[in-house]
Amino acid sequence: EYIYDEYIRESIMSRSEKKLLLELINKTSSYGCAQGLATSNVLVEIIAKVFDNAIITQFDEFGLVLYKRYVDDGILIFNRRVGKKEIRSILQEKIDMVFNSDKYDGKSTKKNVVLSEEKERYQTRHTGDAQFDYLGYSFLLERQEQVAYYKYGIALQKLEKYKMQLEKIYEDYAIS
């Protein structure tokens with residue numbers, strides 16, 4: 001209901017599309033959007049674009065060079081040093097503003113959108129995590145004298161997944 005009221009009701013979407021979405025919302029309002037449905041993903045992506053714009057706007061003054069998000073994984077690259085606590089604080093502020101707000105009829109939404117410390121990596125030219133995985137790829141910081149660069153390739157977890165799939169194919173072939 002919140003996404004519909006805030007982002008769809010006054011949009012340039014056709015009346016029939018709005019009507020269809022409103023029917024879906026009315027039918028699912030008692031239990032919320034079911035995860036896994038294409039419509040749920042689309043509604044989340046609408047509000048996630050608002051989050052993306054808030055991140056880009058906020059971090060622009062910090063020297064943001066690149067921001068990319070794929071579903072719930074993101075990467076920020078700056079052209080100067082920004083403290084980890086400051087980045088984390090701003091990200092959480094924007095998450096709360098966009099996803100965990102109390103805007104809709106004063107109803108407090110669950111604070112179920114949070115940063116994952118296990119997946120978080122922080123790297124500067126001189127300190128931080130020398131290796132991180134992002135979207136199935138592994139990045140490894142290498143240093144030679146005054147030059148720092150990243151080597152990259154497929155992450156071990158992804159390689160293991162494909163290895164298991166190949167083993168299953170071989171087993172099925174051997175049986176037949």
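Residues numbered from 1 in each chain as written. Predicted model: local features only at pLDDT ≥ 70, side-chain atom pairs only at ≥ 80, totals over all residues. Heavy atoms only, no water.

Trainee: Got a minute to help me understand helix H4 (residues 84–98) in this structure?
Mentor: It helps to recall that an α-helix has 3.6 residues per turn; residues three or four apart then point in one direction. Here H4 spans 21 Å end to end across 15 residues, near enough to the 21 Å set by a 1.5 Å rise per residue. For H4, the full list of buried residues reads Ile-87, Ile-90, Leu-91, Lys-94, Ile-95 and Val-98. Projected down its long axis, H4 carries its buried residues within an arc of 135°, all on one side. Those residues of H4 that are buried are in contact with helix H1 (2–8), helix H3 (38–59) and strand E2 (73–78). (Helix = DSSP H or I, 4+ residues; strand = E, 2+ residues; numbered from the N terminus. Expected span 1.5 Å × (residues − 1). Buried < 20%, exposed > 50% of the residue type's maximum accessible area, 1.4 Å probe, protein only. Arc of directions from axis to C-beta. Contact = heavy atoms within 4.5 Å.)

Trainee: Could you clarify how one ought to interpret the packing of aromatic side chains in this entry?
Mentor: Two aromatic rings, taken as a pair, are described by how far apart their centres are and by the angle between their planes. Counted under the stated rule, the structure contains 6 aromatic pairs. Ring geometry for Phe-132 versus Phe-139: centroids 5.0 Å apart, planes at 15°, classification stacked. (Phe/Tyr/Trp six-rings, centres within 6.5 Å; stacked < 30°, edge-to-face > 60°.)

Trainee: Got a minute to help me understand the side chain of Asn-100 in this structure?
Mentor: Tracing the backbone shows Asn-100 in the loop between H4 and strand E3 (131–134). Polar side-chain contacts of Asn-100 include one of 3.0 Å to the backbone oxygen of Val-113. (Polar contact = N/O pair within 3.5 Å; in protein donor to acceptor, adjacent residues only side chain to side chain.)

Trainee: I would appreciate a short explanation of the packing of H3 against H4 in the present structure.
Mentor: Helix-helix packing is characterised by the crossing angle of the two axes and by the distance between the axes. Running from N to C, H3 and H4 cross one another at 145°; their axes reach a closest spacing of 10 Å. Relative to H4, H3 is oriented so that their crossing is right-handed. From H3, Ile-47, Val-50, Phe-51, Ala-54, Ile-55, Gln-58 and Phe-59 reach across to H4, where they touch Ile-87, Ile-90, Leu-91, Lys-94, Ile-95, Met-97 and Val-98. Split by residue class, the contact of H3 with H4 holds 12 nonpolar, 1 polar and 1 charged. (Axes fitted to C-alpha atoms, helices over the stretch in contact; angles between N-to-C directions. Left-handed = near helix turned anticlockwise from the far one by under 90°. Nonpolar A, V, L, I, M, F, W, Y, C, P; charged D, E, K, R; others polar.)

Trainee: How should I be thinking about the sheet that holds strand E4 (residues 137–144) in this particular structure?
Mentor: The strands making up a sheet associate through hydrogen bonds between their backbones, and the pairing can be parallel or antiparallel. In space, the 3 strands of this open sheet follow the order E3-E4-E5, with antiparallel pairing throughout. With one partner strand each, in any of the chains shown, E3 and strand E5 (147–154) form the two edges of the open sheet. Sheet twist, expressed as the mean angle between neighbouring strand axes with direction ignored, is 25°. By the bridge criterion, 4 bridges tie E3 to E4 in an arrangement that is antiparallel. Its bridge partner lying in E4, Asp-133 is registered against Ser-138. (Pairing = 2+ DSSP bridges.)

Trainee: Is there a simple way to explain unusual backbone geometry in this structure?
Mentor: Backbone phi values are negative for most residues with the exception of glycine, while trans is the configuration of most peptide bonds. The phi dihedral of Val-71 is positive, around 55°, even though this residue is not glycine. If you trace the backbone, Val-71 turns up in the loop between strand E1 (64–70) and E2. Phi at Leu-135 is positive, roughly 55°, even though this residue is not glycine. Summarising the element assignment, Leu-135 is placed in the loop between E3 and E4.

Trainee: Is there a simple way to think about a nonpolar patch on the surface in this case?
Mentor: Where nonpolar side chains cluster on the molecular surface, the patch consists of Tyr-70, Val-71, Leu-135, Tyr-137, Ile-154, Leu-156 and Leu-159 and spans about 720 Å² of accessible area. What makes Leu-135 partly exposed here is its relative accessible area of 35%. (Patch = residues over 30% accessible without salt bridge, like charges linked within 9 Å, V, L, I, M, F, W, Y side chains within 5 Å. Areas by Shrake-Rupley, 256 points an atom, 1.4 Å probe, with all protein chains shown as cover. Salt bridge = Lys/Arg side-chain N within 4 Å of Asp/Glu carboxyl O.)

Trainee: Explanation requested: the nonpolar core in the structure shown.
Mentor: Here is a general trend for soluble globular proteins: nonpolar side chains tend to be buried in one another's company. Within the largest apolar cluster, 22 residues are counted, with the highest numbers of intra-cluster contacts made by Phe-51, Phe-59, Phe-78 and Ile-87. Among the elements of the structure, H1, helix H2 (15–28), H3, E1 and H4 are those that each provide at least two residues to this core. Discounting residues that sit within four places of it in the chain, Ile-87 has contacts with Phe-59, Leu-76, Phe-78, Val-82 and Tyr-122. (Core = buried A, V, L, I, M, F, W, Y, C linked by side-chain atoms within 4.5 Å.)

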